[in-house]
Structure formats: C-alpha cells, structure tokens
Amino acid sequence: MRWKKELLVFGLMSAVALNVVGCGGTAEQPSSSTTASSPVAAETENLTGQVLRIYCGAGMQKPFQKIADAFREKTGCDVQVTYANAAQIQTQIKTSQEGDFFIAGSEQEVKPVQESVKESKPLVRHIPVLAVSKGNPKGIDSLKSLTRGDVRVVMGDAQSTAIGKLSEKAFQDAGIKEALNITSTTTTAPQMATLLSMQEADAAILWKENCGDGVDIVSTDDLKPYIKTIPAARLKFRSDNRAADAFSTFLDSDEAHEIWKSFGYELAS
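What comes next concerns the included structure. The structure displayed is predicted, hence computed values, not measured ones.

Taken as a whole, the largest pocket encloses approximately 420 Å³ of empty space. Lining the largest pocket are 20 residues, with Gly59, Lys62, Pro190, Glu209 and Asn210 positioned closest to its centre. Broken down by secondary-structure element, the contributors of at least two residues to the lining of the largest pocket are helix H3 (61-75) and helix H6 (189-197). It is H6 that contributes the most residues to the lining of the largest pocket, 4 residues altogether. Considering only residue class, the lining of the largest pocket consists of 10 nonpolar, 7 polar and 3 charged.

What follows is the structure, encoded as structure tokens:
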C-alpha cells in the first residue's frame, strides 16, 4: 500500500512539474517480471506471487514496457514500472527507500542515488540526434543552424532530464546557447518530440528512439561526442530477491536485446 500511495503522489507532482502541455512523463504501468540464476531458469521459473518494482526514464517507456511484459509472460511475476524523469525518480528512491531497479537515461543519472545501488551494468547506447519537424521546413543542417532567428528550439529541462543536461552542454560547447530562440522547455524527451510533430517547434536535441512520426533526423556528426550509455542499476533495499536475480539475467538475454534493437537502440557491448 505504501508503494501505491507514494506513486499516486509522485504522479501528481510530475503533472504539476511540466512546463508545457504534452505527453505525460510519469505513469505506473503494471506488468510482470521473473527471476533466475541462468538464462534457462529465466525462461522457465515460475515466479507467480513475486513482485518486482522498477523505475525507468520516461523516454524509454515503449521498449522497456515490452521487456517487462515479456518477463511477466515467462514467469508470472508482477512487474510494477514507474516512468518519470531522472530528478523525480532520484527523489522517489531517496524518500521511499523502495524499489528493485533504476533504468536510467545515462550513467550520470545514477550517481545521485549511488548509495542505494547494489550493482550496475550497461544495457544499450543512448544516441542523441538533431531532430526537426517532418520535412525539415526550416532547412536545418547543423547545430549552428539553430541560431537563425526564425528557428524555434525546444529544450529538455537541464535540471530534471538527461537529454536536457546533454543539450545544454552541446549548445555551450558549440558556443551557441545564448543565441538560441528557446521557445519551450519540457521535462521528458517524448514531450519535445510531440511539439516537433505538431510543428509547435522547429528543432531539438532528442534521443534517436524518440523520433517517431512527424519528426525527422538531421544527418550531422555534431552530437557524436555526446552518446551515453543506459545502465540497469540494481537497488539494495531487498537483500534476498529472486525476482531481481532473474530479471538481471533476462536483461542479458537475446530476447531483451532484440527488443531494444527493434526500437533503434544499439547494444552497449
């Protein structure tokens, strides 16, 4: 009951925190999970009645929910996933002292809760791209193109999300931050993609996997130095946790790898 109550309050806080109206960034998605000590066990062990609680960055909701669902179907374990931005998740971990995994947008996002982490391993590469509205009506071809007065830039909040921190650094490194026409700031990458697809903004730095319908990717090498790695940080609030053991193994399986790749991610190794 404590977990459910805190997640309800957490969701309300997230809604208030949004700077623009767009896709919601926080949601608890019931699913399922499993546990095992080997790939074979992960596929066959019955974990009905077991519960696995996971925090995951909102921008990774689509692929990760498929992974959680696949794990549930194999084991019967109840997987409860909370999707939110990094700052919200970090606060929830610190205040609730509950949860089994934190699937973060970058390794840097784990550092504020490092004392609650038992172990961490790399999953896939998080690739930032220069994204524009469908058809690229403003003819944007590089980061420097964003300094034109007619280009509306939407940016992730640097205080709450990995893509926002990355964008701010990339803009500063390029020496263009002060020249940008930043018309909106959001707390998740999917919200930026929505604004681009609705043509309420012209350009943004997004994660590659968030560029869906209504969004094009500009071919440029400007963002190659900013590629990140998505880690799975196992939390240490429960010492004897068969479900977490099994899920950790499942994350290394071919099935989980194929799900990530189907959404445009590249494996970390």
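What follows picks up the thread again.
Attention shifts here to the pairing of strand E2 (residues 51-57). Among the 7 residues that make up E2, 5 are buried, leaving the element largely enclosed by the rest of the structure. Bridge count for E2 against strand E3 (residues 77-84) is 7 bridges, and the pairing is parallel. Its bridge partner being in E3, isoleucine 54 is matched across the sheet by valine 81. The handedness of the E2 to E3 crossover, carried by H3, is right-handed. The pairing of E2 with strand E4 (residues 101-103) spans 3 bridges and is classified as parallel. Across the sheet, cysteine 56 pairs through a bridge with isoleucine 103, a residue of E4.

Definitions and limits used
Within each chain, residue numbers correspond to sequence positions counted from 1 in written order. Given that the model is predicted, a residue must reach a pLDDT of at least 70 before its local features are reported, and side-chain atom pairs must reach 80 or more before they are shown or counted; all residues, however, enter totals for whole chains, interfaces and linings. Hydrogens and water are ignored here; the side-chain numbers use all heavy atoms of the structure. In this analysis, the protein atoms alone were mapped onto a 1 Å grid. Cavities are point sets where a 1.4 Å probe fits without being able to get out; pockets are open sets with protein on both sides within 12 Å along at least five of seven lines; lining residues have an atom within 4 Å of a point. Grid points are joined across faces, edges and corners, and a volume is the space filled by probe spheres set on the points. Note on conventions: DSSP H or I runs of at least 4 residues are helices, E runs of at least 2 residues are strands, and numbering of each starts at the N terminus. All residues other than Ala, Val, Leu, Ile, Met, Phe, Trp, Tyr, Cys, Pro, Asp, Glu, Lys and Arg, Gly among them, are scored as polar; the first ten of these are nonpolar and the last four charged. Residue exposure (1.4 Å probe, protein chains only): buried if accessible area is under 20% of the type maximum, exposed if over 50%, otherwise partly exposed. Pairs of strands are assigned from DSSP output, requiring at least two bridges between the strands. Handedness rule for crossovers: strands pointing away from the viewer, path from the first strand over the helix to the second running clockwise, crossover right-handed.

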